[in-house]
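Each chain, written out:
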Amino acid sequence: MNSSFVGLTALGMYVPKEIVTNDDLAQRGVETSDEWIQSRTGIKERRFAKPDEFTSHLCIGAVQNLIDRYGKDVLEGVDMVIVATSTPDALFPQTAALVQNHFNLEAGAFDLLAACPGWLYALSAAAAYTKSGIRKKVLAIGAESLTKILDWSDRTTLVLFGDGACAGIVEAVPEGYGFQSFVLGTDGAGGKHLNMRCIGKTLPDGNPLSEMISMNGREVFKFAVRVMHTATKQAVEEAGLELNDIAQFIPHQANYRIIDAAREYLELPEDRVVANVDKYGNTSAASIGLAMREAIDDGRIKHGDNLLLVTFGAGLTWAASVLRWYEKK
Ligand code: UT7
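Residues numbered from 1 in each chain as written. Predicted model: local features only at pLDDT ≥ 70, side-chain atom pairs only at ≥ 80, totals over all residues. Heavy atoms only, no water.

Caption draft 1: Representation of the pattern of salt bridges in the model. Scanning the entire structure with this criterion turns up 12 salt bridges. Among the salt bridges present, the one from Glu18 reaches Arg28, with a minimum N-O distance of 2.8 Å. In this pair, Glu18 sits in strand S2 (residues 18-21) while Arg28 sits in the loop between helix H1 (22-27) and helix H2 (34-41), placing the two residues 10 residues apart along the sequence. On the basis of relative accessible area, Arg28 is assigned to the partly exposed category, the value being 41%. (Salt bridge = Lys/Arg side-chain N within 4 Å of Asp/Glu carboxyl O. Helix = DSSP H or I, 4+ residues; strand = E, 2+ residues; numbered from the N terminus. Buried < 20%, exposed > 50% of the residue type's maximum accessible area, 1.4 Å probe, protein only.)

Shown next as structure tokens:
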């Protein structure tokens, strides 16, 4: 049996307690300043997970937040768990299996790696599962412990990242609601601009893979601004809508200047673009979920709103989706 309309029906979030400000980084010996970081990125602070707190703990925190918000029935019938992350606790067992076990779910479970766009890729997979009838209810998590893999000798990337997790439920929704389009793209030629090695030593073209996160900030910046506005336009068009039909744009929270440049290309007013990068920095696969959850909580996102989610990251990869928000209370 397939469902004609599927969507995100519940959303939870979790961030670690420790707030690390820009000044804190400078005090910890990083040659930087609050002025530099804020003017280049808009970031004021980020969260650091405790030394013994890993991605599975952040996932569990976000799922617990789902339960606190919607009641324990929110997990009733979950038959697949997907964790999008670039910072799994282990290569195996997959982090999704740790979540499945913690909540005692009768579900399949796998991790998905698509860098910062990972959660949107997870939502697209969850939408395909539930629309086709292969699965009925998917727990789709985006979570990162990026501060565990920071290179403290590289002040340019070090100041950007933070830890956090979001957890959503994807299932059937009433007619007209839910996902209206997905744009999913990759340009593997850009792998050299943002990478970190696992078991490989070089890319197939011979470019070296870095021991720690390595990024060509300028190249990623240009790519990001370009795909943020082209993917947005494509997702809106494929949904049969116009930019004016979108109530809120929820971009990947990497850098306020990127968000603002994309906003200007799209000629959008500031109050239709959600940004909380100032509070959390770049939480990669968790960032869109954290921004969306906070915008629901402060009343900017309302039931029935058309939302545009758009993101970019390593790969180089991008994704965008139009979602007509239906929250199951
Ligand atoms: O989800 C992953 C996506 N990644 C991104 O979104 C990153 C996209 N790129 C960017 O956001 C920007 O390129 C950065 C914020 C990473 C860097 O900004 P930039 O304007 O491209 O700076 P830059 O790397 O060209 O460095 C400019 C100057 C240099 O000094 P000189 O050579 O001009 O004297 C750097 O050494 O700023 C210096 N610098 C710093 N100064 C203080 C670099 N990092 C820092 C720092 N504090 N943390």
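Caption draft 2: Expanded view of the sheet that holds strand S13 (residues 317-324). Strand order in the open sheet formed by 4 strands is S8-S13-S12-S11, and the pairing between neighbours is mixed. Strands at the two margins of the open sheet, each flanked by one partner only, are strand S8 (178-186) and strand S11 (248-251). For this sheet the average axis-to-axis angle between neighbouring strands, irrespective of direction, equals 10°. Here S11 runs beside strand S12 (residues 306-313); their pairing, made up of 4 bridges, is parallel. Across the sheet, Phe249 pairs through a bridge with Leu308, a residue of S12. Where helix H7 (residues 217-238) meets the sheet, it contacts S8, S11, S12 and S13, and its direction lies at approximately 150° from that of S12. Sitting on the sheet, helix H10 (residues 287-297) is in contact with S11, S12 and S13, with an inclination near 150° to S12. (Pairing = 2+ DSSP bridges. Axes fitted to C-alpha atoms, helices over the stretch in contact; angles between N-to-C directions. Contact = heavy atoms within 4.5 Å.)

Caption draft 3: Spatial organisation of the packing of aromatic side chains. Per the stated rule, a full pass over the model turns up 5 aromatic pairs. With a centroid separation of 4.8 Å and 40° between ring planes, the pair formed by Phe179 and Phe182 is classed as tilted. Aromatic pair Phe223 and Phe312: ring centres 6.3 Å apart, planes at 80°, arrangement edge-to-face. Of this pair, Phe223 sits in helix H7 while Phe312 sits in strand S12, placing them 89 residues apart in sequence. (Phe/Tyr/Trp six-rings, centres within 6.5 Å; stacked < 30°, edge-to-face > 60°.)

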